[in-house]
Amino acid sequence: MKKGTLLYEGKAKQLFETDDPEVIWVEYLNQATALNGAKKDQISGKGELNNQITGLIFNFLKSKNIKNHFIKQLSETEQLIQAVDIIPLEVVVRNVAAGSFSKRLAIPEGVQLNKPIVEFYYKNDELDDPMIVDDHILFLELATTEEIKQLRQMALEVDQALIELFNSMDITLIDFKLEFGRKKDGTILLADEVSPDTCRLWDKKTKEHLDKDIYRRDLGDIIPVYQEVLNRLEKRGE
Ligand code: TMP
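Residues numbered from 1 in each chain as written. Predicted model: local features only at pLDDT ≥ 70, side-chain atom pairs only at ≥ 80, totals over all residues. Heavy atoms only, no water.

An unreviewed UniProt entry annotates the chain as Phosphoribosylaminoimidazole-succinocarboxamide synthase originating from Enterococcus raffinosus ATCC 49464. What UniProt states about the chain under its Catalytic activity (unreviewed entry) heading is, verbatim, "5-amino-1-(5-phospho-D-ribosyl)imidazole-4-carboxylate + L-aspartate + ATP = (2S)-2-[5-amino-1-(5-phospho-beta-D-ribosyl)imidazole-4-carboxamido]succinate + ADP + phosphate + 2 H(+)". As recorded by UniProt, the Pathway (unreviewed entry) comment attached to the chain reads in full: "Purine metabolism; IMP biosynthesis via de novo pathway; 5-amino-1-(5-phospho-D-ribosyl)imidazole-4-carboxamide from 5-amino-1-(5-phospho-D-ribosyl)imidazole-4-carboxylate: step 1/2." (UniProt positions renumbered as here; feature names shortened; annotations may be inferred.)

Asker: Pulling in residues and values, what's your account of the UniProt feature "domain: SAICAR synthetase/ADE2 N-terminal" (unreviewed entry) in the chain?
Answerer: Summarizing the sequence annotation, UniProt attributes the feature "domain: SAICAR synthetase/ADE2 N-terminal" (unreviewed entry) to residues 6–232 in the numbering used throughout. Annotated as residues 6–232, this span is 30% helix and 34% strand, and its ends, taken at the C-alpha atoms, are 33 Å apart. (Helix = DSSP H or I, 4+ residues; strand = E, 2+ residues; numbered from the N terminus.)

Asker: Mind laying out the sheet that holds strand β3 (residues 23–28), listing which residues take part and the relevant values?
Answerer: With antiparallel pairing, five strands are arranged side by side in an open sheet as β1-β2-β3-β7-β6. Edge positions in the sheet fall to β1 (3–9) and β6 (70–73), since each of these pairs with one other strand and no more. Taking each pair of neighbouring strands and ignoring which way they run, the sheet shows an average axis angle of 30°. Relative to strand β7 (residues 78–82), β3 is paired through five bridges, and the arrangement is antiparallel. (Pairing = 2+ DSSP bridges. Axes fitted to C-alpha atoms, helices over the stretch in contact; angles between N-to-C directions.)

Asker: How would you sum up the side chain of Asp129? Please name residues and give values.
Answerer: On the secondary structure map, Asp129 appears in the loop between β10 (112–122) and β11 (131–132). Within the buried core, Asp129 has no salt-bridge partner, and the shortest N-O distance to an opposite charge, that of Lys11, equals 5.5 Å. Dropping the residues within four chain positions of it, Asp129 is found in contact with Glu90, Tyr121, Tyr122, Lys123 and Asn124. (Buried < 20%, exposed > 50% of the residue type's maximum accessible area, 1.4 Å probe, protein only. Lys, Arg positive; Asp, Glu negative; His and termini not counted. Salt bridge = Lys/Arg side-chain N within 4 Å of Asp/Glu carboxyl O. Contact = heavy atoms within 4.5 Å.)

The structure is reproduced here in structure tokens:
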């Protein structure tokens, strides 16, 4: 497989063409951003940690019959994925109150929710990714009623699978963000990444953050913490 021209550069990844139109070559970058890009830094080692963590998690999700775009790991910072049209929605699932949920509703961080909550955000940098409801999604023609139902269902299935995975690593899954894409035949696949950049992960014993809140909130260095998540994932697979 050959790496072709750059198709897209995001905040944390570059996507390249390959000689197969159905396959994309992804390079994970060392850039960290927060506050919709207002806070930005190069953090050496971040790309390889998120690439490897995402690969292991997507393989785990595949073993749980959750369809996703991951094909294979190529190197420490590169992976192959199936080409999909990304649906411009961020699907957030919450198990425990934290972040914007806590702020919006004045619920202290750490309060267990009685059932998972699914939220949709419109991926639009100019608008600062606003939260939207189903009728907005239909009005903007981002997804059909059937697709919205499927996104919600897949997000909850991912939640159940990830809770099990992280429990086995002594980690509480607080919340996370997913993105989905459509294949040419309309099949919806889980896409993008699942990593400490896109999840809130708290150590079960110490309640310490093992995720990007370390960077967002200036709590220290993310690299040892992301490495700890990778170590626990790898240990699980042994
Ligand atoms: P929030 O509490 O800031 O809304 O974030 C909820 C979850 O979604 C949290 O695990 C971080 C993740 N997230 C992203 O991955 N990308 C984003 O742009 C945002 C806003 C949140």
